[in-house]
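An overview of the molecular structure
Here's the letter readout for the chains.
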Amino acid sequence: MATAAQKITLSSSRDIPFNKLVLSQSNVRRIKAGVSIDDLAVSIARRGLIQSLHVRPVLDADGQETGMFEVPAGGRRYQALAILVKQKRLAKTAPVPCVVGDAASGILMEEISFAENDERVPPHPLDQYRAFQTMCDKGMTEEDIAAAFLIDVNVVKQRLRLASISPVLLDIYAEDGIELKQLMAFTVSQDHTRQEQVWAAIKDGWQKEPWQIRRMLTETAVRASDKRAVFVGIDAYEAAGGYVLRDLFEDDNGGWLQDPVLLDRLVGEKLKTIAEDIAGDGWKWVEIAANFPYGYNDGLRELVGTTADLTDEERAAREALRDEHDRLEAEYAEADDLPDEIDQRLGEIEQALDAFEQRPATYDPAEIARAGVFVSIDRDGDLVVDRGYVRPQDEAPVAIDGEESNDDPDDVASEVGANATIQRAVITVGGQPAEPEEDDEEDVIKPLPERLVIELTAHRSLALRDAVGANPHVALTAFLHKLVRDTFQRTSTSGASLQASVNHVFFREQGKDLADAPYARSVTQRHEDWNADIPADDDALWDWLAVLDDTSRLALLAHCVAYGVNALYERPNPHSATGISQAALDRRMAEADRLARSTGLDMVDAGFRPTVENYLGRVTKPRILAAVREGAGERAAQLVAHLKKGDMAVEAERLLADTGWLPEPLRLGDLDGDQVMTQTDADGGDDTALPDFLAVDDDEEDPADIEEDEQEIIAAE
């Protein structure tokens, strides 16, 4: 026969005047911990008494209640109320909510006191963050929250910074899968995808320290202590639109600059401005770089200049500065720390004295006319100007008998002075002209710029996305291929329970014309059409999908799968576990080719045309000529070869418009890895691909036609 469970009776609660309460000596809390009594009093004054006191009647010697009650659990709250009574903010007879225990109970008051303190669980930090976030959403400022909870405002900022962490990682943290110190390290980046990639890379390894997480998340950023950042200045970088990410949890030495491209541009612009000022002194060339390689001045003759003597006024100023420096050092020799204003003044004096010692030398005008200057930055971010180097090809002529020519230096100097307004220093960046001279371009086809390749492959990725989205059969095959690979080959299993997902690939670097491409408009239109029909509610979406006809389901599947297409070129990173390896990049491009072949994608048919904006204006003249030669034939290339680069690019756009020519990154690779040419071969092309005024048969033209055609060509230029 089952025994019935004994029912319990909870202690009653009632309001008891404060002057009827006394602190029990059975309270086990003896050591101060947590919020101070004064802070607790402030909290009660703001929010009221959130938790009742636990009390027991005080009995006399005969076991009768005296009307007084002792407090074994809630002693800190009682003391906080006493402070409010003393401050006359609470009446002595104010009713206090209490839970009244049974005085005849066999449970010791010490047990109740200990259980009341021991069973209290502080809120999870994630709950604290979410509470702070909700308060912010409802209008409270960070300062208001800090004041309400009597904490430093930086603590509030730190908790709110957790908003920058991926929800996936927050869920793992809620299940104790990540330590708080590791989670805080992820706040140095706001890229959720990158955060998840880093966690996937380290979660099963032994190296999961916060510094390792920060290093992996900021490897593409630039520290504020970097010499380039010091040279430009954080204020100038932020004024130009740059963003500095700061770590609220650790000392970050000023944070990380998130836009290295912008920083390098600002460095180049500042160095170029300085170089232009130096060029005004008559130097033949000025080369600028943030870093010059070791031995950059090997093989160059260094000029020996003379430093002008100081004037009497300059000598007096220098001696006065030295005297002041010695006086201040003697006055504060015994001080452990210098006052800020004295330390600043000593620094100013030292800089002024250095300026006297490091005055630029003066050189012979004849030597300046054939010499140059290197302008760079030292490790501390200070400007370095290294003047007076002569390249071998700029040396003075040498007579046949081996002796230098007997040109009178005075004549040379006067000639330099006469032509001073004609010669202009050539400013170069890394050995290349800061503003390239079109006529000086070498007749060499150089590799395409990396940024241009990335932008071109963004075109191909979007065109592939459109092609896959319009081809359910290929999309389903690609999706099943992903599922089978995950299921049977046991690749990464991070993510949702199904482990089948599409990561929407965004194009961080793209040309201005990408959004106007036909395939971009097609993808956008298809997405908008589906979005208009898809229910917002999750349950309604399931029901809607369940009754969708098979044709529509396949079309929607194809559209969703297409958003995961990634044919972008990225720079391989062989020295780190992050980024993409060369093998992974090769596989990406090979799979993109497979998708292109399967969908029948042809970038020409998709609507891509080489223009000045997306290609021709971004490459060198030899590459423009090579494109015209491949697409329109050798004859067309010869007709535009004499043009300046800007005009050549415009004319090349017209010549290539209907030829089907594509830049190399957009050509479809064949099964052997070579790129298939889709344009007319340079040697085998016919003249019908040329405009009418260029497509004249040699056997039928007469002088009048030739003259008329030449006039038309000139007009086209």
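Residues numbered from 1 in each chain as written. Predicted model: local features only at pLDDT ≥ 70, side-chain atom pairs only at ≥ 80, totals over all residues. Heavy atoms only, no water.

Looking at an unreviewed UniProt entry, one finds the chain named ParB-like N-terminal domain-containing protein and attributed to Sinorhizobium saheli.

Let us now look at the UniProt feature "coiled-coil region" (unreviewed entry) in the chain. Per the UniProt record, "coiled-coil region" (unreviewed entry) is found at residues 311-338. In residues 311-338, the share of helix is 71% and the share of strand is 0%. The end C-alpha atoms are 34 Å apart. (UniProt positions renumbered as here; feature names shortened; annotations may be inferred. Helix = DSSP H or I, 4+ residues; strand = E, 2+ residues; numbered from the N terminus.)

Reading across the sheet, the five strands line up as β1-β5-β3-β4-β2 and stay open at both edges, with mixed pairing between neighbours. The open sheet has two free edges, formed respectively by β1 (12-17) and β2 (21-23), since each of these has just one partner strand. Strand-to-strand twist in this sheet, taken as the mean axis angle between neighbours without regard to direction, amounts to 50 degrees. In this fold helix α2 (residues 75-86) packs onto β2, β3 (53-59), β4 (65-73) and β5 (95-100), with an angle of close to 120 degrees to the strand it touches most, β2. (Pairing = 2+ DSSP bridges. Axes fitted to C-alpha atoms, helices over the stretch in contact; angles between N-to-C directions. Contact = heavy atoms within 4.5 Å.)

With that settled, consider unusual backbone geometry. Phi angles above zero are rare outside glycine, and Lys88 is one such case at about 60 degrees. Turning to its location among the elements, Lys88 is positioned in the loop between α2 and β5.

Let's shift gears to the pairing of strand β11 (residues 372-377). Burial analysis of β11 places six of its six residues in the buried class, the great majority of the element. Of the two faces of β11, the one carrying Gly372, Phe374 and Ser376 and the one carrying Val373, Val375 and Ile377 are both buried. In this structure, strand β9 (residues 285-288) lies alongside β11, joined through four bridges in parallel fashion. Residue pairing for β11: Ile288 is matched across the bridge by Val375. (Buried < 20%, exposed > 50% of the residue type's maximum accessible area, 1.4 Å probe, protein only.)

Judged by side-chain charge, Asp323, Asp326, Glu329, Asp340, Glu341, Asp343, Glu350 and Asp354 come together as a negatively charged surface patch. Considering each element in turn, the negative patch owes the most residues, five residues, to helix α15 (residues 340-357). Within the element layout of this structure, Asp340 appears in helix α15. Asp340 gets classed as exposed once you look at its relative accessible area, which sits at 64%. (Patch = residues over 30% accessible without salt bridge, like charges linked within 9 Å, V, L, I, M, F, W, Y side chains within 5 Å. Areas by Shrake-Rupley, 256 points an atom, 1.4 Å probe, with all protein chains shown as cover. Salt bridge = Lys/Arg side-chain N within 4 Å of Asp/Glu carboxyl O. Lys, Arg positive; Asp, Glu negative; His and termini not counted. Charge placed at Lys NZ, Arg CZ, Asp CG, Glu CD.)

Closest axis-to-axis distance for the helix α14 (residues 312-331)/α15 pair is 10 Å, and the angle between their directions is 145 degrees. When you trace α14 past α15, the crossing you get is left-handed. Residues Glu314, Ala317, Arg318, Leu321, Arg322, Glu324, His325 and Leu328 of α14 form the contact with α15, whose participating residues are Ile342, Arg345, Leu346, Ile349, Glu350, Ala352, Leu353, Phe356 and Glu357. Taken together, the residues of the contact of α14 with α15 sort by class into nine nonpolar, one polar and seven charged. (Left-handed = near helix turned anticlockwise from the far one by under 90°. Nonpolar A, V, L, I, M, F, W, Y, C, P; charged D, E, K, R; others polar.)

With that settled, the discussion passes to the pairing of strand β12 (residues 383-390). Where strand β10 (residues 301-302) lies against β12, two bridges are found, and the strand directions are antiparallel. Bridged to Arg301 within β12 is Val390. Both β11 and β12 contribute to a ladder of six bridges, which runs antiparallel. Within β12, the position partnered with Phe374 by the bridge is Asp386. Hairpin connection between β11 and β12: a loop of five residues separates the two successive antiparallel strands, and Gly381 in this loop has a positive phi of roughly 85 degrees.

This part is about the pattern of salt bridges. Counted under the stated rule, the structure contains 24 salt bridges. The closest approach of N and O atoms between Glu367 and Arg301, which form a salt bridge, is 3.3 Å. With a gap of 66 residues between them, Glu367 in helix α16 (residues 365-368) and Arg301 in strand β10 connect regions that are remote in the sequence. Classification of Arg301 as partly exposed rests on a relative accessible area of 32%. Put simply, Arg301, Glu367, Arg370 and Glu395 are held in one network by salt bridges that share partners.

On to the side chain of Arg77. The residue Arg77 is located in helix α2 in this model. Accessibility expressed as a relative area gives 9% for Arg77, which makes it buried. At a separation of 3.3 Å, a polar atom in the side chain of Arg77 contacts the main-chain carbonyl oxygen of Gln51. (Polar contact = N/O pair within 3.5 Å; in protein donor to acceptor, adjacent residues only side chain to side chain.)

This brings us to α15. Between its terminal C-alpha atoms α15 stretches 26 Å, which fits the 26 Å expected from 18 residues at 1.5 Å a residue. Three or more residues of α15 are buried, namely Ile342, Leu346, Ile349, Leu353 and Phe356. Buried residues of α15, viewed axially, fall in a sector of 75 degrees; they line one side. Exposed residues lying more than 90 degrees from the buried face of α15 are Asp340, Glu341, Gln344 and Gln351. If you follow the buried residues of α15, they end up packed against α14. (Expected span 1.5 Å × (residues − 1). Arc of directions from axis to C-beta.)

A word on the environment of Asp259. Summarising the element assignment, Asp259 is placed in the loop between β8 (256-257) and α13 (260-279). Asp259 gets classed as partly exposed once you look at its relative accessible area, which sits at 32%. Along the sequence, Asp259 and Val222 sit 37 residues apart, while their C-alpha atoms lie 7.9 Å from each other.

The subject of this paragraph is the packing of aromatic side chains. The final tally for this structure, using the stated rule, is seven aromatic pairs. Judged by centre distance (6.3 Å) and plane angle (70 degrees), the rings of Phe186 and Trp199 are edge-to-face. A residue pair is termed long-range when its members are at least 10 positions apart, and Phe186 in the loop between α8 (180-185) and α9 (192-202) and Trp199 in helix α9 qualify at 13 residues. Relative accessible area serves as the criterion here: at 0%, Phe186 is assigned to the buried category. On the basis of relative accessibility, which here comes to 8%, the residue Trp199 falls in the buried class. Between the aromatic rings of Phe292 and Phe374, the centroid separation amounts to 5.2 Å while the plane-to-plane angle is 80 degrees, which identifies the pairing as edge-to-face. Of this pair, Phe292 sits in the loop between β9 and β10 while Phe374 sits in strand β11, and the two are 82 residues apart along the sequence. Cluster of aromatic residues (ring-pair linked, three or more members): Trp285, Phe292, Phe374 and Tyr389. (Phe/Tyr/Trp six-rings, centres within 6.5 Å; stacked < 30°, edge-to-face > 60°.)

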